Amino acid sequence: MRPSDLLCSTPKGLYCPPGDFYIDPVAPVPRALITHGHSDHARSGHAAVLATQETLDIMGIRYGDNFAGESQAAELGREMKIGDVTVRFAPAGHVLGSAQIVVEKDGLRIVASGDYKRRADATCRAFEPVACDVFITEATFALPVFRHPDDRDEIARLLHSVAQFPERSHLVGAYALGKAQRVISLIRQAGYDKTIYLHGALERLSAYYQSQGVDLGPLAPATIEKGSKEKFAGEIILCPPSAFSDRWARRFADPVTCFASGWMRIRQRVKQRGVELPLILSDHSDWDELTQTIRDTGAGEVWVTHGREEALVRWCELHQIAARPLHLVGYEDEND
(Lines give C-alpha, C1' and ligand atoms only; values in the text may rest on other atoms or scores of the structure.)
Protein backbone atom coordinates (compact mmCIF):
# COMPACT_ATOMS: atom_id res chain seq x y z
CA MET A 1 0.00 0.00 0.00
CA ARG A 2 1.20 3.48 -0.86
CA PRO A 3 0.90 6.18 1.82
CA SER A 4 -1.37 8.20 -0.49
CA ASP A 5 -3.79 5.27 -0.54
CA LEU A 6 -4.14 5.52 3.24
CA LEU A 7 -4.27 9.31 3.60
CA CYS A 8 -4.60 11.87 0.86
CA SER A 9 -5.03 15.63 0.61
CA THR A 10 -8.44 16.93 -0.54
CA PRO A 11 -10.08 20.38 -0.60
CA LYS A 12 -11.87 19.44 2.64
CA GLY A 13 -8.69 18.24 4.38
CA LEU A 14 -6.85 14.96 4.93
CA TYR A 15 -9.00 12.03 3.86
CA CYS A 16 -8.64 8.32 4.63
CA PRO A 17 -10.39 6.30 1.85
CA PRO A 18 -10.24 2.85 3.52
CA GLY A 19 -11.68 4.31 6.74
CA ASP A 20 -13.92 6.87 5.05
CA PHE A 21 -13.04 9.68 7.47
CA TYR A 22 -11.35 13.06 7.45
CA ILE A 23 -8.80 14.49 9.88
CA ASP A 24 -9.44 18.13 10.93
CA PRO A 25 -11.63 18.85 7.88
CA VAL A 26 -12.22 22.49 6.97
CA ALA A 27 -15.83 21.89 5.84
CA PRO A 28 -18.67 19.70 7.18
CA VAL A 29 -18.15 15.99 6.44
CA PRO A 30 -19.90 12.72 7.38
CA ARG A 31 -17.12 11.61 9.76
CA ALA A 32 -14.36 13.79 11.27
CA LEU A 33 -11.47 12.92 13.56
CA ILE A 34 -10.34 16.06 15.37
CA THR A 35 -6.84 16.61 16.79
CA HIS A 36 -7.66 19.53 19.13
CA GLY A 37 -10.13 22.29 19.91
CA HIS A 38 -8.69 25.33 18.10
CA SER A 39 -11.27 26.68 15.70
CA ASP A 40 -9.20 26.19 12.54
CA HIS A 41 -9.00 22.44 13.29
CA ALA A 42 -12.28 21.82 15.13
CA ARG A 43 -15.23 23.11 13.16
CA SER A 44 -18.90 22.53 13.79
CA GLY A 45 -21.41 20.90 11.48
CA HIS A 46 -19.94 17.41 10.99
CA ALA A 47 -22.31 14.46 11.06
CA ALA A 48 -20.03 12.53 13.43
CA VAL A 49 -16.94 13.57 15.40
CA LEU A 50 -14.31 11.44 17.12
CA ALA A 51 -11.93 13.27 19.48
CA THR A 52 -10.65 13.18 23.04
CA GLN A 53 -13.24 13.98 25.70
CA GLU A 54 -11.53 17.30 26.46
CA THR A 55 -11.67 18.32 22.80
CA LEU A 56 -15.35 17.38 22.61
CA ASP A 57 -16.03 19.43 25.74
CA ILE A 58 -14.15 22.40 24.30
CA MET A 59 -16.11 22.17 21.06
CA GLY A 60 -19.31 22.15 23.11
CA ILE A 61 -18.20 25.28 24.98
CA ARG A 62 -17.34 27.09 21.76
CA TYR A 63 -20.15 25.95 19.47
CA GLY A 64 -22.93 24.72 21.74
CA ASP A 65 -24.09 21.20 22.55
CA ASN A 66 -25.25 20.54 18.98
CA PHE A 67 -21.86 21.14 17.35
CA ALA A 68 -22.11 17.75 15.57
CA GLY A 69 -24.77 15.19 14.71
CA GLU A 70 -23.10 12.74 17.09
CA SER A 71 -19.81 12.54 18.95
CA GLN A 72 -17.59 9.83 20.40
CA ALA A 73 -14.73 10.19 22.88
CA ALA A 74 -11.39 8.63 22.00
CA GLU A 75 -9.27 7.31 24.86
CA LEU A 76 -5.57 8.10 24.46
CA GLY A 77 -3.58 5.02 23.51
CA ARG A 78 -6.58 2.75 22.82
CA GLU A 79 -6.76 1.25 19.34
CA MET A 80 -10.07 1.18 17.47
CA LYS A 81 -11.19 -0.03 14.08
CA ILE A 82 -12.75 2.36 11.57
CA GLY A 83 -13.57 0.48 8.40
CA ASP A 84 -10.39 -1.34 7.39
CA VAL A 85 -8.15 1.00 9.36
CA THR A 86 -6.74 0.88 12.89
CA VAL A 87 -6.75 4.29 14.61
CA ARG A 88 -5.45 5.52 17.95
CA PHE A 89 -4.89 8.90 19.58
CA ALA A 90 -1.58 9.93 21.22
CA PRO A 91 -0.80 13.10 23.23
CA ALA A 92 0.35 16.11 21.20
CA GLY A 93 1.30 18.53 24.01
CA HIS A 94 -0.34 21.49 22.25
CA VAL A 95 -3.36 22.33 24.46
CA LEU A 96 -5.66 20.44 26.82
CA GLY A 97 -7.03 17.37 25.01
CA SER A 98 -4.79 17.76 21.96
CA ALA A 99 -3.80 14.54 20.19
CA GLN A 100 -1.90 13.06 17.31
CA ILE A 101 -3.93 10.64 15.21
CA VAL A 102 -2.19 7.37 14.33
CA VAL A 103 -3.59 5.61 11.26
CA GLU A 104 -2.50 2.05 10.31
CA LYS A 105 -3.32 -0.48 7.61
CA ASP A 106 -1.42 -3.45 6.16
CA GLY A 107 1.74 -2.65 8.11
CA LEU A 108 1.82 1.01 7.09
CA ARG A 109 1.61 3.63 9.86
CA ILE A 110 0.99 7.34 9.32
CA VAL A 111 0.92 9.84 12.20
CA ALA A 112 -1.05 13.06 11.70
CA SER A 113 0.36 15.22 14.47
CA GLY A 114 -1.97 18.21 14.21
CA ASP A 115 -0.30 21.04 16.15
CA TYR A 116 2.24 20.07 18.80
CA LYS A 117 4.88 21.38 21.14
CA ARG A 118 7.72 19.71 23.04
CA ARG A 119 8.03 22.13 26.00
CA ALA A 120 6.87 21.13 29.48
CA ASP A 121 3.34 22.41 30.12
CA ALA A 122 1.41 21.82 33.35
CA THR A 123 -1.90 22.48 31.57
CA CYS A 124 -1.88 19.48 29.18
CA ARG A 125 -0.43 16.03 28.54
CA ALA A 126 3.13 16.00 27.18
CA PHE A 127 3.86 15.11 23.54
CA GLU A 128 4.74 11.47 22.96
CA PRO A 129 6.76 10.59 19.84
CA VAL A 130 5.21 7.73 17.86
CA ALA A 131 7.39 5.61 15.58
CA CYS A 132 5.93 5.65 12.08
CA ASP A 133 6.55 5.30 8.36
CA VAL A 134 5.10 8.70 7.47
CA PHE A 135 4.97 11.69 9.82
CA ILE A 136 2.68 14.62 9.03
CA THR A 137 4.08 17.69 10.76
CA GLU A 138 2.97 21.27 11.12
CA ALA A 139 5.46 23.96 10.15
CA THR A 140 4.21 27.09 11.93
CA PHE A 141 7.69 28.08 13.10
CA ALA A 142 9.72 26.04 10.62
CA LEU A 143 12.54 28.51 10.01
CA PRO A 144 15.92 28.45 11.80
CA VAL A 145 15.29 31.99 13.11
CA PHE A 146 12.58 30.56 15.39
CA ARG A 147 14.28 29.22 18.49
CA HIS A 148 12.00 29.90 21.44
CA PRO A 149 13.63 31.16 24.67
CA ASP A 150 13.08 29.59 28.08
CA ASP A 151 9.46 30.13 29.16
CA ARG A 152 10.56 31.01 32.69
CA ASP A 153 12.75 33.85 31.44
CA GLU A 154 9.84 35.40 29.52
CA ILE A 155 7.55 35.22 32.57
CA ALA A 156 10.34 36.72 34.71
CA ARG A 157 10.42 39.69 32.33
CA LEU A 158 6.67 40.17 32.79
CA LEU A 159 6.86 40.00 36.59
CA HIS A 160 9.85 42.34 36.63
CA SER A 161 7.81 44.90 34.68
CA VAL A 162 4.87 44.50 37.09
CA ALA A 163 7.20 45.21 40.01
CA GLN A 164 8.90 48.09 38.20
CA PHE A 165 5.65 49.86 37.24
CA PRO A 166 3.21 49.36 40.15
CA GLU A 167 1.11 52.29 38.95
CA ARG A 168 0.36 50.61 35.58
CA SER A 169 -1.88 47.71 34.57
CA HIS A 170 -0.31 44.93 32.51
CA LEU A 171 -2.56 43.69 29.70
CA VAL A 172 -1.34 40.33 28.40
CA GLY A 173 -2.74 39.31 25.02
CA ALA A 174 -3.12 35.53 24.82
CA TYR A 175 -5.19 33.18 22.66
CA ALA A 176 -8.30 32.05 24.53
CA LEU A 177 -7.66 28.29 24.33
CA GLY A 178 -4.40 26.96 25.68
CA LYS A 179 -2.15 30.00 25.60
CA ALA A 180 -4.06 32.00 28.23
CA GLN A 181 -4.18 29.07 30.65
CA ARG A 182 -0.52 28.23 30.07
CA VAL A 183 0.55 31.84 30.73
CA ILE A 184 -1.42 31.83 33.98
CA SER A 185 0.14 28.50 34.98
CA LEU A 186 3.65 29.80 34.27
CA ILE A 187 2.95 32.95 36.30
CA ARG A 188 1.84 30.76 39.23
CA GLN A 189 4.94 28.57 38.92
CA ALA A 190 7.02 31.75 39.21
CA GLY A 191 5.46 32.39 42.63
CA TYR A 192 2.85 35.03 41.79
CA ASP A 193 -0.18 34.27 43.96
CA LYS A 194 -2.30 37.42 43.57
CA THR A 195 -5.61 37.40 41.68
CA ILE A 196 -5.20 37.41 37.91
CA TYR A 197 -7.97 39.17 36.01
CA LEU A 198 -9.60 37.91 32.82
CA HIS A 199 -11.39 39.43 29.87
CA GLY A 200 -14.82 37.82 29.51
CA ALA A 201 -13.74 35.93 26.37
CA LEU A 202 -11.27 33.88 28.43
CA GLU A 203 -13.49 33.01 31.40
CA ARG A 204 -15.36 29.89 30.23
CA LEU A 205 -12.35 28.04 28.87
CA SER A 206 -10.26 28.93 31.93
CA ALA A 207 -13.06 27.64 34.17
CA TYR A 208 -13.13 24.42 32.13
CA TYR A 209 -9.37 23.95 32.60
CA GLN A 210 -9.86 24.37 36.34
CA SER A 211 -12.70 21.82 36.30
CA GLN A 212 -10.24 19.33 34.78
CA GLY A 213 -7.79 19.74 37.65
CA VAL A 214 -5.53 22.42 36.16
CA ASP A 215 -4.57 24.75 39.02
CA LEU A 216 -4.74 28.36 37.83
CA GLY A 217 -5.04 29.99 41.25
CA PRO A 218 -7.42 32.88 42.01
CA LEU A 219 -9.04 34.40 38.92
CA ALA A 220 -11.61 37.17 38.61
CA PRO A 221 -13.40 39.07 35.82
CA ALA A 222 -11.69 42.26 34.65
CA THR A 223 -14.75 44.42 35.11
CA ILE A 224 -14.43 48.12 35.82
CA GLU A 225 -17.02 50.31 37.44
CA LYS A 226 -17.13 53.94 36.41
CA GLY A 227 -14.23 55.86 37.92
CA SER A 228 -12.43 52.81 39.35
CA LYS A 229 -9.67 52.24 36.78
CA GLU A 230 -7.01 52.68 39.51
CA LYS A 231 -8.27 49.40 40.99
CA PHE A 232 -6.19 47.57 38.34
CA ALA A 233 -2.95 49.51 38.80
CA GLY A 234 -0.17 46.97 39.31
CA GLU A 235 -2.40 44.04 38.28
CA ILE A 236 -2.11 41.44 35.51
CA ILE A 237 -5.06 41.21 33.14
CA LEU A 238 -5.30 38.60 30.36
CA CYS A 239 -7.30 39.29 27.22
CA PRO A 240 -7.58 38.21 23.58
CA PRO A 241 -5.03 40.09 21.44
CA SER A 242 -7.92 41.69 19.52
CA ALA A 243 -8.99 43.49 22.72
CA PHE A 244 -5.95 45.80 22.54
CA SER A 245 -7.76 47.93 19.96
CA ASP A 246 -11.11 47.89 21.75
CA ARG A 247 -12.49 50.58 24.06
CA TRP A 248 -12.26 47.89 26.74
CA ALA A 249 -8.46 48.25 26.90
CA ARG A 250 -8.62 51.98 27.50
CA ARG A 251 -10.40 51.46 30.82
CA PHE A 252 -7.19 50.46 32.61
CA ALA A 253 -4.53 52.51 34.34
CA ASP A 254 -1.86 53.46 31.75
CA PRO A 255 -1.68 49.85 30.53
CA VAL A 256 1.51 48.07 29.49
CA THR A 257 0.55 46.04 26.42
CA CYS A 258 2.11 42.58 26.43
CA PHE A 259 1.59 39.85 23.84
CA ALA A 260 2.40 36.17 24.50
CA SER A 261 3.20 34.66 21.11
CA GLY A 262 5.95 32.90 19.21
CA TRP A 263 5.56 35.64 16.62
CA MET A 264 6.98 38.16 19.07
CA ARG A 265 10.38 36.98 17.83
CA ILE A 266 9.71 39.15 14.75
CA ARG A 267 10.28 42.82 15.50
CA GLN A 268 8.01 43.98 12.70
CA ARG A 269 5.08 42.11 14.22
CA VAL A 270 5.82 43.67 17.61
CA LYS A 271 5.80 47.12 16.05
CA GLN A 272 2.67 46.48 13.97
CA ARG A 273 0.75 45.41 17.05
CA GLY A 274 2.00 48.30 19.18
CA VAL A 275 3.27 45.85 21.81
CA GLU A 276 5.33 47.38 24.61
CA LEU A 277 6.43 44.11 26.22
CA PRO A 278 6.69 41.17 23.78
CA LEU A 279 6.67 37.73 25.43
CA ILE A 280 8.00 34.95 23.20
CA LEU A 281 5.78 32.11 24.38
CA SER A 282 4.52 29.57 21.87
CA ASP A 283 2.28 26.52 21.92
CA HIS A 284 4.03 25.27 18.78
CA SER A 285 7.45 23.66 18.40
CA ASP A 286 10.36 25.79 17.23
CA TRP A 287 12.84 24.86 14.48
CA ASP A 288 15.04 22.64 16.65
CA GLU A 289 12.03 20.89 18.21
CA LEU A 290 10.44 20.25 14.81
CA THR A 291 13.59 18.69 13.37
CA GLN A 292 14.24 16.67 16.54
CA THR A 293 10.67 15.34 16.46
CA ILE A 294 11.12 14.13 12.89
CA ARG A 295 14.24 12.27 14.04
CA ASP A 296 12.40 10.87 17.07
CA THR A 297 9.65 9.33 14.92
CA GLY A 298 12.14 7.54 12.67
CA ALA A 299 9.84 8.32 9.73
CA GLY A 300 11.23 7.61 6.27
CA GLU A 301 8.83 10.11 4.76
CA VAL A 302 7.54 13.45 6.04
CA TRP A 303 4.55 15.47 4.87
CA VAL A 304 4.63 19.13 5.86
CA THR A 305 1.57 21.31 6.31
CA HIS A 306 0.28 24.75 7.36
CA GLY A 307 3.33 26.89 7.84
CA ARG A 308 6.85 27.40 6.50
CA GLU A 309 6.71 24.20 4.47
CA GLU A 310 9.58 24.74 2.04
CA ALA A 311 12.35 25.14 4.65
CA LEU A 312 11.38 21.97 6.53
CA VAL A 313 11.04 19.99 3.29
CA ARG A 314 14.54 21.13 2.33
CA TRP A 315 15.93 20.13 5.75
CA CYS A 316 14.45 16.65 5.29
CA GLU A 317 15.96 16.32 1.84
CA LEU A 318 19.40 17.30 3.16
CA HIS A 319 19.04 14.54 5.79
CA GLN A 320 17.99 11.89 3.25
CA ILE A 321 14.34 11.88 4.36
CA ALA A 322 11.71 11.94 1.63
CA ALA A 323 9.44 14.96 2.12
CA ARG A 324 6.74 16.97 0.41
CA PRO A 325 4.42 19.87 1.26
CA LEU A 326 0.71 19.10 1.53
CA HIS A 327 -0.47 22.67 0.82
CA LEU A 328 -3.57 22.20 2.98
CA VAL A 329 -5.67 25.35 3.23
CA GLY A 330 -7.79 26.71 6.06
CA TYR A 331 -5.30 26.49 8.92
CA GLU A 332 -4.16 29.68 10.60
CA ASP A 333 -1.55 30.93 13.07
CA GLU A 334 -4.15 31.31 15.84
CA ASN A 335 -2.34 34.41 17.13
CA ASP A 336 0.18 32.02 18.66
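Anything mentioned here points back to the structure above.
Cut-offs and rules
- Residues numbered from 1 in each chain as written.
- Predicted model: local features only at pLDDT ≥ 70, side-chain atom pairs only at ≥ 80, totals over all residues.
- Heavy atoms only, no water.
- Helix = DSSP H or I, 4+ residues; strand = E, 2+ residues; numbered from the N terminus.
- Rg over C-alpha atoms; globule rule 2.2 N^0.38 Å.
- Buried < 20%, exposed > 50% of the residue type's maximum accessible area, 1.4 Å probe, protein only.
- Contact = heavy atoms within 4.5 Å.
- Areas by Shrake-Rupley, 256 points an atom, 1.4 Å probe, with all protein chains shown as cover.
- Lys, Arg positive; Asp, Glu negative; His and termini not counted.
- Charge placed at Lys NZ, Arg CZ, Asp CG, Glu CD.
- Pairing = 2+ DSSP bridges.
- Axes fitted to C-alpha atoms, helices over the stretch in contact; angles between N-to-C directions.
- Phe/Tyr/Trp six-rings, centres within 6.5 Å; stacked < 30°, edge-to-face > 60°.
- Lys NZ or Arg CZ within 6 Å of the ring centre and 35° of its normal.
- Salt bridge = Lys/Arg side-chain N within 4 Å of Asp/Glu carboxyl O.

Attention shifts here to the overall build of the chain. Summing up its helical and strand segments, the chain has eight helices and 19 strands in all. In summary, the chain has a C-alpha radius of gyration of 21 Å against a globular reference of 20 Å for 336 residues, a match within 12%. With the principal axes as the frame, the chain shows a C-alpha extent of 70 × 45 × 30 Å. Here the chain, with 336 residues, has 57% of them falling under the buried criterion. Across the chain, the fraction of contacts at a sequence separation of at least 24, relative to all contacts at a separation of at least 6, is 61%. Carbon and sulfur atoms form 47% of the exposed surface of the chain, whose accessible area is close to 13900 Å². Of note, the chain has its 38 positive side-chain charges centred 4 Å away from the centre of its 45 negative side-chain charges.

Looking now at the sheet that holds strand β10 (residues 108-112). Spatially, the seven strands line up as an open sheet ordered β7-β8-β9-β10-β11-β18-β19, and their pairing is mixed. Each edge of the open sheet is held by one strand with a lone partner, namely β7 (80-82) and β19 (322-325). The sheet shows a mean angle of 25 degrees between the axes of neighbouring strands, direction not considered. Of the strands in this sheet, β11 (134-139) and β18 (301-307) touch helix α7 (residues 287-297), which is tilted by about 170 degrees from β11. Relative to the sheet, helix α8 (residues 309-318) contacts β11, β18 and β19, its axis offset from that of β18 by approximately 165 degrees.

Take the packing of aromatic side chains next. For the structure on display, the rule yields 10 aromatic pairs. Aromatic side chains Tyr-15 and Tyr-22 sit 4.6 Å apart centroid to centroid with 40 degrees between the ring planes, which places their arrangement in the tilted category. Summarising the aromatic geometry, the rings of Phe-232 and Phe-252 are spaced 5.3 Å apart at their centres and angled 85 degrees between planes, so their arrangement reads as edge-to-face. Remark: Phe-252 occurs in the loop between β15 (236-239) and β16 (256-260) and Phe-232 occurs in the loop between β14 (219-221) and β15; sequence separation between them is 20 residues. Neither residue differs from the other here; Phe-232 and Phe-252 are each classed as buried. Among the aromatic side chains, those forming a connected cluster through ring pairs are Tyr-197, Phe-232, Trp-248 and Phe-252. Against the face of Trp-303 rests Arg-324, its NZ or CZ located 4.5 Å from the ring centre.

This paragraph deals with the pattern of salt bridges. Counted according to the given criterion, the structure contains 21 salt bridges. The shortest N-O distance in the salt bridge between Lys-117 and Asp-121 comes to 2.6 Å. As a salt-bridge pair, Asp-288 and Arg-147 come within 2.8 Å of each other at their nearest N and O atoms. With Asp-288 in helix α7 and Arg-147 in the loop between β11 and α3 (151-164), this pair connects stretches of sequence that are 141 residues apart. Judged by its relative accessible area of 40%, Arg-147 falls in the partly exposed class. Taken together, the salt bridges that share partners define one network made up of Lys-117, Arg-119, Asp-121, Asp-151, Arg-182, Asp-283, Asp-286 and Glu-289.

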